[in-house]
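Report on the structure
The residues making up each chain are set out below.
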Amino acid sequence: MSTQALFEPLKVGPYTLSHRVVMAPLTRMRATKPGNHANAMNAEYYAQRATRGGLIIAEASQVLQGGAPGPGTPGIHTPEQVAGWKLVVDAIHAKGGLVFLQLWHVGRLSNAAQQPDGGPAIGASAIAAPGTRVVRGENVPYETPRALRLDEIPGIIEAYAQAARNAKAAGFDGIEIHAANGYLLEQFMQSRSNQRTDAYGGSIENRARLVLEVTAACAQVWGSDRVGIRLSPFGVANGSGEDDPMPLYSHVIGALNRMGLAYLHLIEPRASGAGQREVDHQGVPSAAELFRPAWNGVLIAAGNFKPDTATAMVEKGDADAIAFGRYFISNPDLPERIRVGAPFTPYNRPTFYTSGPEGYLDYPAMSA
Ligand SMILES: Cc1cc2nc3c(=O)[nH]c(=O)nc-3n(C[C@H](O)[C@H](O)[C@H](O)COP(=O)(O)O)c2cc1C
């Protein structure tokens, strides 16, 4: 099988990628604690996965301390965090790679212990996420957030803009806004988690307002052609899910399309929740196929791809590039393996979110 379609150059904003095998954003919980800043070990991990002209989307990074899910995920809101990320960026650039930083705020998926004031986490409404989170090995229900006040919304938008400035100071090539997988921006978009009655709730236009305002604020900082966005229409991760996704996402993607962004990054619903467990949701539509006609720019698809399905999707034109998550964890030289048709090393899920180099730095490249 030829995977040649994945090795054609691709223009993304002002950059030209040398291939279309993108590293998906992957939370690994290995930032330095306390401080939640990236470190030399993180730089080595990313450098192992960098390729000349290849795009890495660095893992979700909180724009505020209160937007973290727990200790160990990196932030991008303190000088120490900017310095930590600079180590990573410099290591990727030294290998000729490109790197965008994913900006997140987890909203109601955070908890009181992460909040500077010790109060509840924020959400679109005071509705707890369904399900449980793991605290010191035990499953505990999600805490009920407090609804973000209308007068606090400009501060949240500014936090994203400041994080965007900080990412620029760290030397990143661009940023990706995390508006997927049940986190704050998706909590505002979706009706089950947003029951507000102000300008940010109710109609689709109102629920989409925050994500569009955040995107516009980030585009002010970077220029829209260096800002990407990640969405998971039809996704069910972290207690998310819109009953009728097409009208909502048609509106959101239509509005984003007019902004001239670097790319739209869609997670295929069959892989929704892959961060927590092995999934292959059946009978779900292809997000990339459905929304391709509504998107004029670069489209990146992610979710359960293998070399053959990735190639087929790019050949068909439903996506321009394919992001790989789990196999990029266990195959630092994944693009080269795909190019030569080499087998993949299987990943070890128990070490996805542990600390230290095991399951992080020790996956060998082919020649090793
Ligand atoms: C360990 C792990 C961490 C993840 N962290 C993030 C993240 O920080 N941001 C994000 O948007 N998606 C995250 N995801 C989802 C992946 O980016 C990707 O969409 C998903 O794994 C499906 O792709 P795959 O089948 O190639 O692994 C994570 C997934 C895994 C397995």
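That block above? That's the structure.
Residues numbered from 1 in each chain as written. Predicted model: local features only at pLDDT ≥ 70, side-chain atom pairs only at ≥ 80, totals over all residues. Heavy atoms only, no water.

1. Describing the site of the ligand
Quick reminder of the rule: Note on definitions. A residue lies near a molecule or strand when any single heavy atom of the residue is within 4 Å of it. Counting of polar contacts relies on pairs of N or O atoms within 3.5 Å, with two restrictions inside protein: one atom must be capable of donating a hydrogen and the other of accepting it, and residues adjacent in sequence are counted only when both atoms are side-chain atoms. Only the protein chains shown count as cover for residues, with accessible areas throughout obtained via the Shrake-Rupley method and a probe of 1.4 Å.
By nearness alone, 18 residues border the ligand, and T27, Q102, R230, N304 and R326 come closest of all. Taking T27, its side chain carries an N or O atom lying 2.6 Å from an oxygen atom of the ligand. For the ligand, an oxygen atom lies 2.8 Å from a polar atom in the backbone of G325. Contact with the protein chains removes 95% of the 610 Å² of surface that the ligand exposes when unbound.

2. What about the pattern of salt bridges?
What counts here: The rule for a salt bridge is simple: a side-chain nitrogen of Lys or Arg has to be within 4 Å of a carboxyl oxygen of Asp or Glu. Strands here mean DSSP runs of E at least two residues long; helices mean DSSP runs of H or I at least four residues long; both are numbered from the N terminus. Three labels apply to residues, based on accessible area from a 1.4 Å probe with only protein chains included: buried if under 20% of the type maximum, exposed if over 50%, partly exposed otherwise in between.
The final tally for this structure, using the stated rule, is 17 salt bridges. The partner of D90 in a salt bridge is K86, and the shortest N-O contact between them spans 3.1 Å. Of this pair, D90 and K86 both sit in helix α2 (residues 79-94), separated by four residues, roughly a single helical turn. With a relative accessible area of 38%, D90 lands in the partly exposed category. Overlapping salt bridges bring together R146, R149, D151 and E152 as one network.

3. Some details on the environment of I177
The line we're drawing: Contacts are assigned to residue pairs with any non-hydrogen atoms lying within 4.5 Å of each other.
Inspection of the secondary structure assignment puts I177 in strand β10 (residues 174-179). In this structure, the C-alpha to C-alpha distance between I177 and A365, residues 188 residues apart in sequence, is 30 Å. Those residues within four positions of I177 in sequence are excluded, and the remaining contacts are L103, L185, V214, T215, C218, V227, G228, I229 and R230.

4. Re the packing of helix α1 (residues 40-49) against α2
Let me state the cut-off plainly: Convention adopted: a line fitted to C-alpha atoms gives each axis, helices being fitted over their contacting stretch, and angles between N-to-C directions are expressed from 0 to 180 degrees. Under this scheme an angle from 65 to 115 degrees is roughly perpendicular, one under 35 degrees roughly parallel, and one over 145 degrees roughly antiparallel; angles in between are oblique. Each crossing gets its hand from how the near helix is turned against the far one by less than a right angle, where anticlockwise is left-handed and clockwise is right-handed. For this classification, the nonpolar set comprises Ala, Val, Leu, Ile, Met, Phe, Trp, Tyr, Cys and Pro, the charged set comprises Asp, Glu, Lys and Arg, and every other residue, Gly included, is treated as polar.
α2 packs onto α1 with a crossing angle of 25° between their chain directions and a minimal axis gap of 8 Å. The pairing of α1 with α2 is recorded here as roughly parallel in orientation. The element α1 and its partner α2 pack so that their crossing is right-handed. Along its contact with α1, which presents A40, N42, A43, Y46 and A47, the element α2 presents W85, L87, V88, A91 and I92. Taken together, the residues that form the contact of α1 with α2 break down as nine nonpolar, one polar and no charged.

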